[in-house]
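A structural walkthrough
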Amino acid sequence: MFAASVVAALLALPFTSVAATDCARSYTVKTGDYCDLISAQNNASTYQLAVTNNPSINSDCSNLQPGQSICLGFVGQDCTTTYVVQGGDTCEGVYTAHGVNATLFQHNNPQLDSQCDNLYIGEVVCVSNGAAVPPLPSGAPMPAATVPAGATPATPPAITTTAAPAPTAVPDDEDCDDDDGDDDEDCDDDEDEDDLPFCDEL
């Protein structure tokens, strides 16, 4: 999906060190909220929301509490141009539709693997035309590196089906005639039955 040249280009992108206290935007959790919903409603990517709240929000986002204040993005590292993944989406389709090159898309969405197999429906990705998201903290696990439990991949793997064998054709009466003009014994059965006398003929 992402060529080796893209990886090399990523290494050349500048990173700015910003303290976790320099929060550009914040949000107060409400009852019924979950991470991807918060991301979608506030234009903060799935990756960015996880990184800016590491480790206060756990990996499966199951410990949100109503009234909790969370950070949506750091100053200077805040992607506000986002897209919510739909069924059938691919990485190439998403970044092409938003006029973003593959290098920036991979930089701003580092959780996506090289084949983009872990893109899932409802995931919020950054489609900014500039390097916008914060880097992953040292030692922290990569968020959304796999499709979360209960989520659906944007492009499910193809299902291979095996075709049923074709039915064997039943030979018709014409097949009873051999090239040498002799009739097969099986084909003579009907004629032999006709040669037998009926009871009223005895």
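We now turn to the structure provided with this report. The shown structure was predicted, so the numbers you read here are calculated from the model rather than taken from an experiment.

Along the chain, A44 falls in the loop between α2 (35–42) and α3 (46–52). Placed 36 residues apart in sequence, A44 and T80 show a C-alpha to C-alpha distance of 5.8 Å. Not counting the four nearest positions on each side in its chain, A44 is found in contact with R25, S39, L72, C79, T82 and V124.

By the element assignment, D89 lies in the loop between β3 (82–84) and α4 (91–97). Despite its burial, D89 remains without a salt bridge, the nearest opposite charge being carried by R25 at 20 Å.

Right, let's get into the nonpolar core. Burial of nonpolar side chains together is a common tendency in soluble globular proteins. Core analysis: the largest hydrophobic core is formed by 14 residues, its most contacted members being C91, V100, F105, L119, V125 and V127. Looking at this core, the elements that each hand over two or more residues are α4 and α5 (102–108).

Considering all chains together, one arrives at four disulfides under this definition. Between C23 and C71 runs a disulfide, and the two sulfur atoms are separated by 2.2 Å. Taking the sign of the S-S torsion, about 115° here, the bridge from C23 to C71 comes out right-handed. On the criterion of sequence distance, the pair formed by C23 in strand β1 (residues 23–28) and C71 in strand β2 (residues 69–74) is long-range, its members being 48 residues apart. Overall, C23 belongs to the partly exposed group, its relative accessible area being 32%. Of the residues examined, C71 reaches a relative accessible area of 9% and is grouped as buried. The disulfide partner of C79 is C126, and the S-S distance across this bridge is 2.0 Å. With the S-S bond torsion at 95°, the cross-link from C79 to C126 turns out right-handed.

Okay, the packing of aromatic side chains next. Summed over the entire model, instances satisfying the criterion amount to one aromatic pair. When the centroid spacing of 5.5 Å and the interplanar angle of 50° are considered together, the rings of Y95 and F105 count as tilted. You can see Y95 sitting in helix α4 and its partner F105 sitting in helix α5, a full ten residues away along the chain. Comparing Y95 with F105 shows no difference in burial state: the two are buried.

Computed from the structure, the largest pocket encloses a volume of approximately 750 Å³. Considered class by class, the residues forming the lining of the largest pocket number 21 nonpolar, eight polar and two charged.

Criteria and thresholds
- Residues numbered from 1 in each chain as written.
- Predicted model: local features only at pLDDT ≥ 70, side-chain atom pairs only at ≥ 80, totals over all residues.
- Heavy atoms only, no water.
- Helix = DSSP H or I, 4+ residues; strand = E, 2+ residues; numbered from the N terminus.
- Contact = heavy atoms within 4.5 Å.
- Buried < 20%, exposed > 50% of the residue type's maximum accessible area, 1.4 Å probe, protein only.
- Lys, Arg positive; Asp, Glu negative; His and termini not counted.
- Salt bridge = Lys/Arg side-chain N within 4 Å of Asp/Glu carboxyl O.
- Core = buried A, V, L, I, M, F, W, Y, C linked by side-chain atoms within 4.5 Å.
- Disulfide = S-S within 2.5 Å.
- Phe/Tyr/Trp six-rings, centres within 6.5 Å; stacked < 30°, edge-to-face > 60°.
- 1 Å grid on protein atoms, 1.4 Å probe; cavity = no way out; pocket = protein on both sides within 12 Å on 5 of 7 lines; lining within 4 Å.
- Points joined across faces, edges and corners; volume = space filled by probe spheres on them.
- Nonpolar A, V, L, I, M, F, W, Y, C, P; charged D, E, K, R; others polar.

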